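# Observations on the three-dimensional arrangement
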Amino acid sequence: NNAEKAIIFKSENGYKTTLSWKNLNSNVAKISDWMKSNGIKKNDRVVAYLPNIPETVTAYISTSVVGAVWSSCSPDFGATGVIDRFSQINPKILFIGDKYFYNGKKISILERLPEILSKVPSINKVVVVPYPGTPIEEKKNIKVDTYNWEELITIKNKNQVQYVMSNFNDPLVILYSSG
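The following paragraphs examine the structure supplied in this document. (Residues numbered from 1 in each chain as written. Predicted model: local features only at pLDDT ≥ 70, side-chain atom pairs only at ≥ 80, totals over all residues. Heavy atoms only, no water.)

## Details of the packing of aromatic side chains
Summed over the entire model, instances satisfying the criterion amount to five aromatic pairs. With a centroid separation of 6.1 Å and an interplanar angle of 70 degrees, the aromatic rings of Phe9 and Tyr131 are classed as edge-to-face. Here Phe9 is found in strand S1 (residues 5-10), whereas its partner Tyr131 is found in the loop between strand S8 (125-129) and strand S9 (145-148), with 122 residues between them in sequence. With respect to burial, Phe9 and Tyr131 carry one shared label: buried. Their ring planes at 65 degrees and their centres at 5.1 Å tell us that Phe101 and Tyr131 sit as a pair that is edge-to-face. Separated by 30 residues along the polypeptide, Phe101 in strand S6 (residues 99-102) and Tyr131 in the loop between S8 and S9 bring together distant segments of the chain. Residue Phe101 is classed as buried on the basis of its relative accessible area of 18%. Under the relative-accessibility criterion, Tyr131 is labelled buried at 7%. (Phe/Tyr/Trp six-rings, centres within 6.5 Å; stacked < 30°, edge-to-face > 60°. Helix = DSSP H or I, 4+ residues; strand = E, 2+ residues; numbered from the N terminus. Buried < 20%, exposed > 50% of the residue type's maximum accessible area, 1.4 Å probe, protein only.)

## A word on the environment of Tyr60
Examined against the element boundaries, Tyr60 turns out to sit in helix H2 (residues 54-65). In the structure, Tyr60 is positioned eleven residues away from Ser71 in sequence and 8.6 Å away in space, judged by C-alpha atoms. Here Tyr60 is in contact with Trp70, Leu172 and Val173, once residues within four sequence places are set aside. (Contact = heavy atoms within 4.5 Å.)

## Some thoughts on the sheet that holds S8
Ordered by their spatial adjacency, five strands build an open sheet running S4-S3-S5-S8-S9, and the pairing between neighbours is parallel. Edge positions in the sheet fall to strand S4 (69-73) and S9, since each of these pairs with one other strand and no more. Strand-to-strand twist in this sheet, taken as the mean axis angle between neighbours without regard to direction, amounts to 20 degrees. In this structure, strand S3 (residues 45-49) lies alongside strand S5 (residues 93-97), joined through four bridges in parallel fashion. Looking across to S5, one finds that Ala48 is bridged to Phe95. Strand contacts of helix H1 (residues 21-37): S3, S5, S8 and S9, with the helix running at about 140 degrees to S5, the strand carrying the most contacts. Contacts between H2 and the sheet are confined to S3, S4, S5 and S8, with S4 contributing the most and set at about 155 degrees to the helix. (Pairing = 2+ DSSP bridges. Axes fitted to C-alpha atoms, helices over the stretch in contact; angles between N-to-C directions.)

## A short note on the side chain of Ser108
Mapped onto the secondary structure, Ser108 falls in strand S7 (residues 105-108). Among the polar contacts listed, one links the side chain of Ser108 to the backbone nitrogen of Leu110, at a separation of 3.5 Å. Polar contacts involving the side chain of Ser108 include one to the main-chain amide nitrogen of Glu111, which spans 3.3 Å. Once residues lying within four places of it in the same chain are set aside, the contact partners of Ser108 are Asp98 and Lys99. (Polar contact = N/O pair within 3.5 Å; in protein donor to acceptor, adjacent residues only side chain to side chain.)

Structural data, given as structure tokens:
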């Protein structure tokens, strides 16, 4: 059922939201179309530096739709940990959260962006994702094309999700272990 809840999100600061299967599908169609129109194709790398929010799931599914390879780091990784991982795989797009909350404290992720971009030069597009229930924090003077998640998902799009066919052994995700 399209109206059924696909994702239920509740933040540490009490904000709650849900995403229906219909809206998840619509958002995936928009984000995957945006990726394709920005030259992302099979086996390209797309990375995320996002907290556990519904947008992270949407970005991951959208990446798989276009046949690209997903990798991500949690915001509790500092910039050095992110750079160590992402610099190995030459990602083209970075989805980055603007902030997250831990123990009642707001922590900026965006302030780490200039260092990440300077050390991972393959990133040529950045999508800034606001923490759910909060206004987006803008970052000025970013040297690559920067997009606002909210603007991308409000694009009028009648398209259905167009999957790129993959073989069983094609890469889907790059995960990092601690050892």
